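# Overview (structure and organization)
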Amino acid sequence: MTASPLGDYLRGRRAQLTPETLGLPVYGRRRVVGLRREEVAMLTGVSVDYYVRLEQGREVSPSPQVLDSLGEVLRLDDDGRQHLYRLAGLSPRPASPAAVEEADSSLLELLLSWQDSPALVFGRAFDVLASNPLAEALFGGFPFSRNLTRTTFLDPGARTFYPDWHVVAENTVAGLRLADGLTPGNPVIRRVVDELQVKSPDFARMWEQHDARGKRLTSKRFRHPEVGHLELAVHVFDVRGAPGQELVVYHAPAGSPAAESLALLGTIAATRAVG
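Values in this document were obtained by computation on a predicted structure and should not be read as measured data. (Residues numbered from 1 in each chain as written. Predicted model: local features only at pLDDT ≥ 70, side-chain atom pairs only at ≥ 80, totals over all residues. Heavy atoms only, no water.)

## Overview of the pattern of salt bridges
One pass over the structure, following the stated rule, counts 16 salt bridges. Between Asp194 and Arg190 there is a salt bridge, with its nearest N and O atoms 3.7 Å apart. Here Asp194 and its partner Arg190 are both found in helix H11 (residues 187-199), four residues apart, which amounts to about one turn of the helix. Look at Asp194 and you get partly exposed, because its relative accessible area is 39%. We classify Arg190 as partly exposed; its relative accessible area is 26%. (Salt bridge = Lys/Arg side-chain N within 4 Å of Asp/Glu carboxyl O. Helix = DSSP H or I, 4+ residues; strand = E, 2+ residues; numbered from the N terminus. Buried < 20%, exposed > 50% of the residue type's maximum accessible area, 1.4 Å probe, protein only.)

## Some details on the packing of aromatic side chains
This structure, assessed with the given rule, holds 12 aromatic pairs. Here Phe122 and Phe126 contribute two aromatic rings whose centre-to-centre distance is 5.9 Å and whose plane-to-plane angle is 90°, an arrangement assigned as edge-to-face. Classification of Phe126 as buried rests on a relative accessible area of 9%. An aromatic cluster is present here, built from Phe139, Phe142, Phe161, Tyr162, Phe222 and Tyr250 joined pairwise through their rings. The ring of Trp165 is capped by Arg159, whose NZ or CZ atom sits 3.7 Å from the centre of that ring. The ring of Trp207 is capped by Arg177, whose NZ or CZ atom sits 3.7 Å from the centre of that ring. (Phe/Tyr/Trp six-rings, centres within 6.5 Å; stacked < 30°, edge-to-face > 60°. Lys NZ or Arg CZ within 6 Å of the ring centre and 35° of its normal.)

## Re the layout of surface pockets
The gaps left among the atoms become clear once a water-sized probe is rolled over them. Put simply, the largest pocket is a space of about 510 Å³. Contributing to the lining of the largest pocket are 24 residues, with Leu178, Leu182, Asp238, Gly244 and Glu246 lying nearest its centre. Listing elements by their share of the lining of the largest pocket, those giving two or more residues are helix H5 (78-87), helix H10 (165-182) and strand S4 (228-238). For the lining of the largest pocket, the leading source of residues is H10, giving four residues. In terms of residue class, the lining of the largest pocket is made up of nine nonpolar, six polar and nine charged. (1 Å grid on protein atoms, 1.4 Å probe; cavity = no way out; pocket = protein on both sides within 12 Å on 5 of 7 lines; lining within 4 Å. Points joined across faces, edges and corners; volume = space filled by probe spheres on them. Nonpolar A, V, L, I, M, F, W, Y, C, P; charged D, E, K, R; others polar.)

## Remarks on the environment of Ala179
Looking at where Ala179 falls in the secondary structure, it is placed in helix H10. Each C-alpha atom, one on Ala179 and one on Met42, is 31 Å from the other, the two residues being 137 residues apart in sequence. Apart from residues no more than four positions distant in its own chain, Ala179 is found in contact with Arg124 and Ile189. (Contact = heavy atoms within 4.5 Å.)

## What to know about empty space enclosed by the protein
Scanning all chains against the criterion turns up one cavity of 30 Å³ or more. What the largest cavity holds in volume is close to 230 Å³. Lining the largest cavity are 16 residues, and of these Phe122, Val168, Thr172, Lys215 and Lys220 lie nearest its centre. Those elements giving two or more residues to the lining of the largest cavity turn out to be helix H8 (148-154), H10, S4 and strand S5 (246-251). Grouping the amino acids of the lining of the largest cavity by side-chain chemistry returns 10 nonpolar, four polar and two charged.

## What to know about the nonpolar core
One finds Phe139, Leu176, Phe222, Leu232 and Tyr250 to be the most contacted residues of the largest nonpolar core, which totals 42 residues. Here the element with the most residues in this core is H10; it accounts for six residues. Each residue touching Phe139, except ones within four places of it in the same chain, is listed here: Leu120, Leu148, Phe161, Tyr162, Phe222 and Tyr250. Counting residues in each nonpolar core, the second largest holds 25 residues, with Tyr9, Val66, Leu84 and Leu178 among its members. (Core = buried A, V, L, I, M, F, W, Y, C linked by side-chain atoms within 4.5 Å.)

## Looking at the UniProt feature "domain: HTH cro/C1-type" (unreviewed entry) in the protein chain
On the UniProt side, "domain: HTH cro/C1-type" (unreviewed entry) is annotated at positions that read residues 34-81 here. What you have in residues 34-81 is 65% helix and 0% strand, and the ends, taken at the C-alpha atoms, are 19 Å apart. (UniProt positions renumbered as here; feature names shortened; annotations may be inferred.)

## Notes on the sheet that holds S4
Taken in spatial order, the five strands make up an open sheet running S2-S1-S5-S4-S3, and their pairing is antiparallel. Two strands bound the open sheet, and with one partner strand each, they are strand S2 (128-131) and strand S3 (219-224). Averaged over all neighbouring strand pairs, the angle between strand axes comes to 30°, with direction disregarded. Sheet topology note: the strand S1 (residues 119-122)/S5 ladder contains four bridges and is antiparallel. Bridge pairing links Phe122 to Glu246 in S5. Strand contacts of helix H13 (residues 257-274): S3 and S4, with the helix running at about 90° to S4, the strand carrying the most contacts. (Pairing = 2+ DSSP bridges. Axes fitted to C-alpha atoms, helices over the stretch in contact; angles between N-to-C directions.)

So, in structure tokens, the structure goes:
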């Protein structure tokens, strides 16, 4: 058997579905987690042998029609389908990223103009490439690591800082998997993945699910040690001049408790900077 990213992805997604999800009858005790290969093949409209060869990496040129059918059977969303096509070599890959990721100077000026909203620029593996003062205050100066993937899984305080830690963690892994598909073998991503697969059983388990999607959270909750509970809207923008980078802005409606907490946090940070 020859391992392949496409085969790994199909196996991972197959394991996340149950026969009941797809309206299939269940007889007796099942020895596999999720769907059987035979069930996926039947629903996709291909032979069992062909589907087995796809998972084993012996079939490397599936047609768009087969991929469309697989995407439907495996309940993939738009991000998941694009990831499937890229793994099958039927989608153009972006240009190779620069050896060193950095935020553009004009983007830094934009971040600094948002004094009431925490804003950051993320790299492909969720390295914080740039942040404004309020973001620095919100994340406490990133004391554990400026890579938020590492922080989420390795910093013991992350599970307190994020009341919805499990949701945040799953979204982080899915975003990292999507980025990995865009630039296979990217050394920045691989270093993070290799480290966390060894050091974090939670990461290793979530990574094996092969969930690939961009940021979907419309709001995020924080438990800040100085200003308490915060629930902020999340706005995510792709940086067109630097594919793979994202601008993330956290916002609170004017007059809301969260806005008052952000204002207090800004005052605390400014006072500390002067002192």
